[in-house]
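The chain contents come next:
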Amino acid sequence: MNAGTLTLNKSASSPSLSVSAGAQGIVLAKFDVKAVGEDMELRKMGLGVARANVLPLMALTGNVVVRDATDGTVYLTVAASTASLYTTGAQNNLSNYIHLTAGQTRTLEVVGSIDSTATSGRHYQVLVGNFYAKRASSLDFADNLPTSGNTSTAANQLTVNATSLTCYKDTAMGSVTRAPGATNVIGQYICTAGSSEDVRMSNASFSFGPVSGATAANTFQNMSLWKGSTQLGTTISTVATTSNAYNFDLTIAKNQTVTLQLKGLIVSGASAAVVTTSITSYTYNGKDSGNSGTGTIVAGQQVTVGAGNLNITAVSDATTISKIYGPGQSGVQLGKWKMAAAND
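In this text, all values refer to a predicted model and were calculated from it rather than measured experimentally. (Residues numbered from 1 in each chain as written. Predicted model: local features only at pLDDT ≥ 70, side-chain atom pairs only at ≥ 80, totals over all residues. Heavy atoms only, no water.)

A. Highlighting the overall build of the protein chain. Along the backbone of the protein chain there are one helix and 25 strands. In the protein chain, 76% of the contacts between residues at least 6 apart in sequence involve partners at least 24 apart. Accessible area for the protein chain stands at about 16,400 Å²; split by element, carbon and sulfur atoms hold 49% of it. (Helix = DSSP H or I, 4+ residues; strand = E, 2+ residues; numbered from the N terminus. Contact = heavy atoms within 4.5 Å. Areas by Shrake-Rupley, 256 points an atom, 1.4 Å probe, with all protein chains shown as cover.)

Put into structure tokens, the structure is as follows:
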């Protein structure tokens, strides 16, 4: 009977692309290990980290930890300052053995922290290999699994990029005319998180300008900010021309986008006003790094206050062709019209 062996591969869910400077305790890599032919108990493993050859050379901070991706069991902890991590790697004794049933795949996570002074463009790449195992059926020990290289299998390279959140006007909503006496959307914006980490948006402030024909206070009341059906912050009952601020906690996943809607009650009696909404500023923090950032002015849509109208138009389709009806017929179609509200 052939002795058992081990397969080792980068996991399909291993992180890729970017990380932020100062990110703490983040997953840097994932690997799948699988026992083939017999049960195994993994007792040692090789671990290394490739880094950008940029002076000064910059190590990770704290500890580099290998743990079970499912239950969090820690198998290995190495000080991030260990020099051998960044050269050829080293085979390390595991603090908890990894038990594998034949045919079973276990996913290992490698966790570490990025120095807060790391500059954009630096990169890190985790590599593992050279497992030492006790084989249950062969009743022996096997080294150099699957090969002798401590860093034979590489994860994705992760590049340091700045924590970012960018907001801009949603062009899907153009300039609009709104009727007095109704609450409606008066501004719509899209906010996109950068590629390095999730961000927590905590504040947004809105202003109006230029305003013609009226003031913001005479045009709007009970203004509120929304993400879908979720209100962000509290309703502002008395609207000012500037500094209409909302405080909230909204997490936006990296590379993901959210749409924010500014809604307001158009005051009854308001007329002939033309207003442009703007985001004056917004603040956010990186979820992993805590890095803070502030966005600048984003001009939004132009809102014109105009009377509500009902537009009625005749419909011309297959059911409206000319017909002649005889006496006594009932329930016949005599006409067909389309009605649509405007400015509301």
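So that's the structure; there's more coming.
B. Region of interest: the state of the cysteines. Inspection of the entire model under this criterion finds one disulfide. Note on cysteine connectivity: C167 is disulfide-linked to C191, with sulfurs 2.1 Å apart. On the sign convention where negative means left-handed, the S-S torsion of about 110 degrees between C167 and C191 marks this disulfide as right-handed. Here C167, found in strand β13 (residues 165-169), pairs with C191, found in strand β15 (residues 183-193); they are 24 residues apart in sequence, far enough to count as distant. For the pair formed by C167 and C191, the shared burial category is buried. (Disulfide = S-S within 2.5 Å. Buried < 20%, exposed > 50% of the residue type's maximum accessible area, 1.4 Å probe, protein only.)

C. Spatial organisation of the pattern of salt bridges. If you walk through the whole model with that rule in mind, you get six salt bridges. With a closest N to O distance of 2.8 Å, R67 and E109 form a salt bridge. On the criterion of sequence distance, the pair formed by R67 in strand β5 (residues 61-68) and E109 in strand β8 (residues 105-113) is long-range, its members being 42 residues apart. One salt bridge in this structure joins R135 and D140, with 2.9 Å as the shortest N-O distance. For R135, a relative accessible area of 12% puts it in the buried group. The exposure class assigned to D140 is partly exposed, which follows from its relative accessible area of 25%. Through salt bridges that share partners, K30, R67 and E109 make up one connected network. (Salt bridge = Lys/Arg side-chain N within 4 Å of Asp/Glu carboxyl O.)

D. Molecular detail of the sheet that holds strand β1 (residues 5-10). Taken in spatial order, the five strands of this open sheet run β1-β3-β8-β5-β6, and their pairing is antiparallel. The open sheet has two edge strands, β1 and β6 (74-79), and neither has a second partner. Across the sheet, the mean angle separating the axes of adjacent strands is 20 degrees when strand polarity is ignored. (Pairing = 2+ DSSP bridges. Axes fitted to C-alpha atoms, helices over the stretch in contact; angles between N-to-C directions.)

E. Quick peek at the side chain of N244. Locating N244 in the fold gives a position in strand β19 (residues 244-252). According to the relative accessible area criterion, N244 is buried, its value standing at 2%. Setting aside chain neighbours within four positions, we find N244 in contact with A204, S205, F206, S207, F208, M223, I236 and V239.

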